[in-house]
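Chain by chain, the residues:
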Amino acid sequence: MAFSILIVDDSRAMRSFVKRVLHLSGFEMGTCYEAENGKEALNLLDREWVDAILTDINMPVMNGEEFVQSLAAHESFHTIPVLVVSTDRTEDRVRQMIALGAQGYVKKPFQPEELREELEKVLEVAYAGK
Amino acid sequence: MQGSNLQRIFFESASEVLEAMFFAGVTEEVSQPVGNALISAELTFHGNPAGRFGIQIAHATGRVIAASFLGLDEAEVSEEQIVDVVCELTNMICGSVLSRVEAGARFELMHPEIDSRNADWRLAKNAVGATFGVEDGSVTLWMIFDEIEPALVA
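Residues numbered from 1 in each chain as written. Chains lettered and ligands numbered in written order. Predicted model: local features only at pLDDT ≥ 70, side-chain atom pairs only at ≥ 80, totals over all residues. Heavy atoms only, no water.

1. Some points on unusual backbone geometry
Cis geometry is found at the peptide bond from K108 of chain A to P109 of chain A, where omega equals 0 degrees. Tracing the sequence through the fold places P109 of chain A in the loop between β5 (104-107) and α5 (112-127). Residue N48 of chain B is joined to P49 of chain B through a cis peptide bond whose omega torsion reads 10 degrees. Relative to the helices and strands, P49 of chain B resides in the loop between β2 (38-46) and β3 (51-58). Residue V61 of chain A is not a glycine yet carries a positive backbone phi of 70 degrees. The topology assignment puts V61 of chain A in the loop between β3 (52-55) and α3 (64-73). Residue V61 of chain A is classed as exposed on the basis of its relative accessible area, which comes to 65%. At F23 of chain B, a position not held by glycine, the phi torsion is positive, near 55 degrees. Residue position: F23 of chain B is located in the loop between α1 (5-21) and β1 (26-29). Of the residues examined, F23 of chain B reaches a relative accessible area of 44% and is grouped as partly exposed. (Helix = DSSP H or I, 4+ residues; strand = E, 2+ residues; numbered from the N terminus. Buried < 20%, exposed > 50% of the residue type's maximum accessible area, 1.4 Å probe, protein only.)

Here it is, written out as structure tokens:
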């Protein structure tokens, strides 16, 4: 089964890298959408359904914290699993993002296999039995 | 400040980030930056400690690591992509350095920007820097604290 994903990061280079390493690592990816910040991502989700979201935290306009909170409060989007991908490595931050509604957290720098494994883990939890 | 704790941390962080995300090896400290056309990027970070962090990298080296990061041939990489990748490199190395400087502390990293002014980082008070070899070129990392951190520059 191929999964459609949304990559939210203000760095075009980082979005391209994430997309490439997921492909190279053997992740079964369907359509891959991209957004520069949380607000753009929410606008995109009004038009397109995705199976999982990978998001950065530090972004202009709407950061990752606000974005994850908005998803958690949304009547439809709250079921979409979210994997945070960030340079912030503090356990305090990881706990905070999980408490806000994220299902997983990958710290940069990461190995390609690590990203795929974490993404597959949150997908498995979210869609187990469906 | 040669041999300072922060210079050791710079090497560990540059190695970790460049090897994992850019597939590039880092060699021990070199005395002078390699190459003429240098790209400089920097960002401000808030927290404890607070300050500025920047990197300088030869343009040719920037092109090599951008190609590696994006999975492109070097000839295909645009100037905009080199700038974008160097900014992302700055962001990731800074995050790695700060997590080693003060494990567990919260920092807020501002968006990295290309800025030629950081060529003068050596003139700043409370500055620490180091230059390492990477992909036939070099990368210089520097950090300027708003307040001196004696343990780091000892």
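Next, the rest of the story.
2. Focus: the layout of surface pockets
Here the largest pocket is characterised by a volume of approximately 710 Å³. Around the largest pocket sit 36 residues that line it, and D10, N58 and P60 of chain A together with H111 and P112 of chain B are the ones nearest its centre. Elements represented by at least two residues in the lining of the largest pocket include exactly α1 (12-24) of chain A together with α3 (79-101), β4 (108-109) and β5 (113-114) of chain B. Sort the elements by how many residues they give to the lining of the largest pocket and α3 of chain B lands first, with 7 residues. Each pocket or cavity is described by its volume, and for the second largest pocket that value is around 200 Å³. As for the second largest pocket, its lining consists of 12 residues, and the residues nearest its centre are Q7, W121, R122, G129 and A130 of chain B. (1 Å grid on protein atoms, 1.4 Å probe; cavity = no way out; pocket = protein on both sides within 12 Å on 5 of 7 lines; lining within 4 Å. Points joined across faces, edges and corners; volume = space filled by probe spheres on them.)

3. A short note on the pattern of salt bridges
Enumeration over the complete set of coordinates arrives at 16 salt bridges over all chains. For K108 of chain A, the salt bridge identified is with E88 of chain B, shortest N-O distance 3.2 Å. With K108 of chain A in the loop between β5 and α5 and E88 of chain B in helix α3, the pair connects residues from two separate chains. We classify K108 of chain A as buried; its relative accessible area is 0%. For the salt bridge of R100 of chain B with E12 of chain B, the shortest nitrogen-to-oxygen distance reads 3.2 Å. On the criterion of sequence distance, the pair formed by R100 of chain B in helix α3 and E12 of chain B in helix α1 is long-range, its members being 88 residues apart. Overall, R100 of chain B belongs to the partly exposed group, its relative accessible area being 31%. Salt bridges sharing common partners tie together R89 of chain A together with R8, E12, E16 and R100 of chain B. (Salt bridge = Lys/Arg side-chain N within 4 Å of Asp/Glu carboxyl O.)

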